[in-house]
Amino acid sequence: MSPLSRLFSQNRIKVSRIFGIAFVAALLATGSLWQGTWIGGSMFLVGIVLAAIGMVGRIWCLVYSSGYKSSGLVTEGPYSLCRNPLYFFSFIGLIGIGLSTETFTLTLVLVAFFALVYPAVIAGEEEFLRGRFGDEYAEYFRRVPRFFPARRLFVEPESYTVQPRTMRRSLGGVIWFIGLRVLIQGLVMLRTAGVIGSVMLLP
């Protein structure tokens, strides 16, 4: 793994928080050229749907992974579709959050951030899992795609034991999706009402 990949892999949460603060600052300073148009309204609605899919998908992943990622290789449910479903749904949710700002610019910023940081994070986790689970992970690696789900591979157990305490602690990663969506909605409403202005308008 390259030094840059290792840096991102080891500091994913810290890097994400710093970027999140910068993104909120950009939201406060900018507005949308499409605000009040059918394009802006369509972007907002699609953004809400994608953000919801991302949030529900992350919860689905947490049902399977919370409390099990260190003790065994999780290969059922969403993890039978691709090896990194949590990050796939995070990506979908980020696109939704970007579109709900009614700007293509901030949407592309979020996509660029994900493309820069998360391949390195995924590579770091793959290296860890390869060392921990050996041949079992090698077979899973060979059979299941890395990021984009393959519906034909879906496997779901009849029952699954969830660890509620561990899952409850893991839900913090989902809550920020909701919080950021509420913040964006509030800013859009305040701008529409003329309560706050913008330093610049973005396409």
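Here the structure is a predicted model, which means the values were calculated and not measured.

**Some points on unusual backbone geometry**
Argument step 1. The phi torsion at Glu-102 lies on the positive side, around 65°, for a residue other than glycine.
Argument step 2. With respect to the helices, strands and loops of the structure, Glu-102 is situated in the loop between helix H5 (85-100) and helix H6 (104-143).

**Some details on empty space enclosed by the protein**
Argument step 1. Tallied over the entire structure, the rule returns 1 cavity of 30 Å³ or more.
Argument step 2. By volume, the largest cavity amounts to about 120 Å³.
Argument step 3. Forming the walls of the largest cavity are 13 residues, and the residues nearest its centre are Thr-30, Gly-31, Thr-101, Val-188 and Arg-191.
Argument step 4. Among the secondary structure elements, those contributing two or more residues to the lining of the largest cavity are strand E1 (30-32) and helix H8 (172-192).
Argument step 5. The element that contributes the greatest number of residues to the lining of the largest cavity is H8, accounting for 4 residues.
Argument step 6. Residue composition of the lining of the largest cavity, by class: 5 nonpolar, 6 polar and 2 charged.

**What to know about the pattern of salt bridges**
Argument step 1. In this structure the tally under the stated criterion is 4 salt bridges.
Argument step 2. Here Arg-83 makes a salt bridge to Glu-126, at a shortest N to O gap of 2.9 Å. Remark: Glu-126 occurs in helix H6 and Arg-83 occurs in the loop between helix H4 (78-81) and H5; sequence separation between them is 43 residues.
Argument step 3. Given the relative accessible area of 10%, Arg-83 is considered buried.
Argument step 4. Overall, the relative accessible area of 8% leaves Glu-126 in the buried class.
Argument step 5. In this structure, Arg-146 engages Glu-126 in a salt bridge whose closest nitrogen and oxygen atoms are separated by 2.9 Å. In this pair, Arg-146 is assigned in the loop between H6 and helix H7 (164-170) and Glu-126 in helix H6, connecting sequence segments 20 residues apart.
Argument step 6. Classification of Arg-146 by relative accessible area gives partly exposed; the value is 34%.
Argument step 7. Overlapping salt bridges, with partners in common, bring together Arg-83, Glu-126 and Arg-146 in one network.

**Observations regarding the packing of aromatic side chains**
Each aromatic ring pair is characterised by the separation of its centres together with the angle its planes make.
Argument step 1. On inspection of all chains with the given rule, the structure shows 18 aromatic pairs.
Argument step 2. Here the aromatic rings of Phe-88 and Phe-89 are separated by 5.5 Å at their centres, their planes lie at 70°, and the arrangement is edge-to-face. You'll find Phe-88 and Phe-89 in the same group, each marked buried.
Argument step 3. We note Arg-83 situated over the ring of Phe-141; from NZ or CZ to the ring centre the distance is 4.0 Å.
Argument step 4. Lying over the aromatic face of Phe-141, Arg-130 brings its terminal NZ or CZ to 5.2 Å of the ring centre.

Quick notes on the rules
Residues numbered from 1 in each chain as written. Predicted model: local features only at pLDDT ≥ 70, side-chain atom pairs only at ≥ 80, totals over all residues. Heavy atoms only, no water. Helix = DSSP H or I, 4+ residues; strand = E, 2+ residues; numbered from the N terminus. 1 Å grid on protein atoms, 1.4 Å probe; cavity = no way out; pocket = protein on both sides within 12 Å on 5 of 7 lines; lining within 4 Å. Points joined across faces, edges and corners; volume = space filled by probe spheres on them. Nonpolar A, V, L, I, M, F, W, Y, C, P; charged D, E, K, R; others polar. Salt bridge = Lys/Arg side-chain N within 4 Å of Asp/Glu carboxyl O. Buried < 20%, exposed > 50% of the residue type's maximum accessible area, 1.4 Å probe, protein only. Phe/Tyr/Trp six-rings, centres within 6.5 Å; stacked < 30°, edge-to-face > 60°. Lys NZ or Arg CZ within 6 Å of the ring centre and 35° of its normal.

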